[in-house]
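The residues making up each chain are set out below.
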Amino acid sequence: MALLEVENLRVEFPTRRGTLLAIDDVSFQIEEGEVLGVVGESGAGKSLTGASIIGLLEPPGRIAAGQIRLEGERIDNLPYDELRRIRGKKIGAIFQDPLTSLNPLYTIGRQLVETIRVHTDDTEAQARDRTVQLLTEVGIPAAERRLGSYPHEFSGGMRQRVVIALALCANPKLIVADEPTTALDVSIQAQIIALLKKLCRDHKTAIMLITHDMGVIAETADRVAVMYAGRIAEIGPVKQVVKHPKHPYTIGLMGAIPIVGRDIERLTQIEGSMPRLTNIPDGCSFNPRCPKVFDRCYVERPDLVPTGETTAACWLHAKEKTGV
Amino acid sequence: MSDRLIATSPEPALLELENLSKYFDVSKSLLNRTIERLPKQILKAVDGVSFSIKPGQTFSLVGESGCGKSTVAKLVVGLHKPTGGQIRFDGTNVADAKSIAQNAALRRRWQMIFQDPYASLNPRWRVHDIIAEPMRVFGLAGSSTELSKRVSELLEQVGLSAMDGEKYPHEFSGGQRQRVSIARALSSNPEFLVCDEPTSALDVSVQAQILNLMKDLQRDIGLTYLFISHNLAVVYHVADMIGVMYLGRMCEIATPQDLFRNPRHPYTRLLIDTIPDLEMTGKAREPVAGEVPNPINPPSGCSFHPRCPLANDRCKSEIPKPIHSATGMVACHAAEEGRLPAPQTVAPA
């Protein structure tokens, strides 16, 4: 049994002008200790998928169909109080902007100790020891002396380390990290990536790493899901998806990324932009931009089918399978 | 690769910066300083930066936040007044242009593209008026029909439709807005564009569209770019020359091939080491240590020495002087003394 199973997840936003479908039939699994990268452009639904799992979907957004199971138990329909106990204890969260994830009015030590005591039976002194240990583990020098510091006294990279310590407080099984390095400088980004990898290895924590940066995914993830217009376009082992992508969108996306050492005059260009939620085209939602589009793409919506070592939602590959 | 060769040809530079500096006074008020007995605090955002750009070339500045790259951009276009040093555009010292007419004649020849296409377009103006404004300001507009015709041409040149002029900025996506910014910048027929992180706010597929558009425009109308970015891969793709900045000073200037194959400044090596490995070579990397220090109180000597694996006593006390070579520059004591180990980074093929 996988640690996290998401099955046919559907997230809707009811509006005055009708219901918008933000996530449409998304299914995936995360195994224990695995890093699943979720990559996509803005509006692809990657952050909403993460928010659905931690139960932080902002109203009026709601899960309209599907199931989310953690260790076999459904967590998508839990009452608020029960969800609160799981969130933080079994699922940790790291967000993009470390300054807004921390309370500016409390010291770092206070915030960590409080979180530990909410989720465990530790005494104040035990929680304090654990805090020092956690802060040291995430690479904050002289942690004991920094307990009394406020978030504004830390730099951006150090704050993100504190947020990671906060997410680790209760030894969660899964961490949902939504763009954890986007607000940071490149040299700090490399440090945070290395830290996440190490923690994942040491604690056997699974990470759902949501980012728009394929480079971060290539460095960190075991498997990657590429999202487009609320659906998974392709999912598979990171090496396969990066080096031998199967879905035309993934192929375009990989060609669009400038790479040091690749001397080309022009980058691959995917014409147009992602459709808005109000007018997602019929059939495959990528069809207006797809260089290999054919008749079937305009009428039928492709499901994920295995092609080689990855799984892609594209009629090009379905054809091979069924031998049409 | 003919455009890469221009770097060494004797053609005069279009833009030359010589020892350019910009200091900001970030002290507390006089009263507080008197009561608390604090000294004045000066932030050296740009400190003695020199480089030149040949016509038709792209010069890129890279560095982390706070290194002064955006301040250089603002100095070049005249949004800040330099504290010291010179900016020469096409042989003319920009500070010498005293009269309004001289200034306008000079300033018409360069334009700027900003990072955030949501903040740099007036939401209350139609795109037509946004694009026409530089032409109006510099008196390039003839009749209003001529103006409309020119705006339509510009819109089509950047890959939008002539009808889009009637729309407002909010009706466009981020990438389309950046195209509008480019059309506006091109409307006064400039020779030189300063682009401050033009693609950082965009998704990768849109970034590819904008980078391709900028390259096409450069080829078609011979534009010269000062391209500022924190993304080394983007810089490798667009630049003919790259300047690496750290805490207000220039560390190294080199062609992209030299810079990535044979980086000579330890900071450049650190930056290159942080590029995520999309080729999945699985190479082990040196863990990068430390963070950029506070620029108000930069370290003595070479400002990189606290993070530098090669630092010695000289680095702590003496600011390294730029050492020029045929194609580049490096400011590092270790490079000067030959203490630099061979680069460990995998040379890009």
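Shown above is the structure to which this text applies.
Read on for an overview of the structure.

Conventions and cut-offs
Residues numbered from 1 in each chain as written. Chains lettered and ligands numbered in written order. Predicted model: local features only at pLDDT ≥ 70, side-chain atom pairs only at ≥ 80, totals over all residues. Heavy atoms only, no water. Helix = DSSP H or I, 4+ residues; strand = E, 2+ residues; numbered from the N terminus. Rg over C-alpha atoms; globule rule 2.2 N^0.38 Å. Buried < 20%, exposed > 50% of the residue type's maximum accessible area, 1.4 Å probe, protein only. Contact = heavy atoms within 4.5 Å. Areas by Shrake-Rupley, 256 points an atom, 1.4 Å probe, with all protein chains shown as cover. Lys, Arg positive; Asp, Glu negative; His and termini not counted. Charge placed at Lys NZ, Arg CZ, Asp CG, Glu CD. Core = buried A, V, L, I, M, F, W, Y, C linked by side-chain atoms within 4.5 Å. Pairing = 2+ DSSP bridges. Axes fitted to C-alpha atoms, helices over the stretch in contact; angles between N-to-C directions. Nonpolar A, V, L, I, M, F, W, Y, C, P; charged D, E, K, R; others polar. 1 Å grid on protein atoms, 1.4 Å probe; cavity = no way out; pocket = protein on both sides within 12 Å on 5 of 7 lines; lining within 4 Å. Points joined across faces, edges and corners; volume = space filled by probe spheres on them. Parallel < 35°, antiparallel > 145°, perpendicular 65-115°, else oblique. Left-handed = near helix turned anticlockwise from the far one by under 90°.

Remarks on the overall build of chain A
Part 1 of the argument: Per the secondary structure count, chain A includes 13 helices and 12 strands.
Part 2 of the argument: Against the compact-globule benchmark of 20 Å for 324 residues, chain A has a radius of gyration of 21 Å, which places it among compact chains.
Part 3 of the argument: Seen through its C-alpha atoms, chain A measures out along the principal axes to roughly 70 × 50 × 40 Å.
Part 4 of the argument: Considering chain A as a whole, with its 324 residues, one finds that 54% of them fall into the buried category.
Part 5 of the argument: By sequence separation, contacts in chain A at least 24 residues apart represent 64% of the contacts at least 6 residues apart.
Part 6 of the argument: Summing over all exposed atoms, chain A offers an accessible surface of approximately 14,600 Å²; the carbon and sulfur share of this is 49%.
Part 7 of the argument: Taking the average location of the 39 positive side-chain charges in chain A and that of its 41 negative ones, the two points are 1 Å from each other.

Description of the nonpolar core
Part 1 of the argument: Grouped together as the largest cluster of nonpolar side chains are 97 residues, with contacts concentrated most on Leu4(A), Phe28(A), Ile53(A), Ile91(A), Leu135(A), Ile164(A) and Leu174(A).
Part 2 of the argument: With eight residues, helix H7 (residues 156–168) of chain A is the single largest residue contributor to this core.
Part 3 of the argument: Beyond its immediate sequence surroundings of up to four residues, Leu135(A) is in contact with Ile108(A), Leu112(A), Ile140(A), Ala143(A), Leu147(A), Val162(A) and Ala165(A).
Part 4 of the argument: Formed by 36 residues, the second largest nonpolar core is a distinct cluster that contains Ala256(A), Phe172(B), Ile182(B) and Ile210(B).

As for the sheet that holds strand E11 (residues 323–324) of chain B
Part 1 of the argument: The sheet built from eight strands is open, its strands ordered E6-E7-E8-E3-E9-E10-E12-E11 (chain B) with mixed pairing. Where the open sheet ends on each side, the last strands, each with one partner, are strand E6 (110–113) and E11 of chain B.

Details of the packing of helix H5 (residues 127–137) of chain B against helix H7 (residues 174–186) of chain B
All names here are of chain B.
Part 1 of the argument: Where H5 meets H7, the closest approach of the two axes is 7 Å, and the angle between their N-to-C directions is 30°. From H5, Val-127, Ile-130, Ile-131 and Pro-134 reach across to H7, where they touch Val-180, Ala-183 and Arg-184.
Part 2 of the argument: Looking at the contact of H5 with H7 residue by residue, the class counts come to six nonpolar, no polar and one charged.

With respect to empty space enclosed by the protein
Residues and elements named next belong to chain A.
Part 1 of the argument: Per the counting criterion, the structure on display carries five cavities of 30 Å³ or more.
Part 2 of the argument: Quantified by volume, the largest cavity comes out at close to 100 Å³.
Part 3 of the argument: Looking at the largest cavity, the residues that line it are Tyr-228, Arg-231, Ile-232, Ala-233, His-247, Gly-283, Cys-284, Ser-285, Phe-286, Arg-301, Pro-302 and Ala-313.
Part 4 of the argument: In terms of residues, the lining of the largest cavity owes the most to one element, strand E10 (residues 231–237), which gives three residues.
Part 5 of the argument: Broken down by class, the residue content of the lining of the largest cavity amounts to seven nonpolar, three polar and two charged.

Brief notes about the packing of helix H5 (residues 124–137) of chain A against H7(A)
Residues and elements named next belong to chain A.
Part 1 of the argument: Closest axis-to-axis distance for the H5/H7 pair is 9 Å, and the angle between their directions is 130°. With respect to each other, H5 and H7 are oriented oblique. Between H5 and H7 lies a crossing whose hand is right-handed. Of H7, the residues touching H5 (which contributes Arg-130, Leu-134 and Leu-135) are Val-162, Ala-165 and Leu-168.

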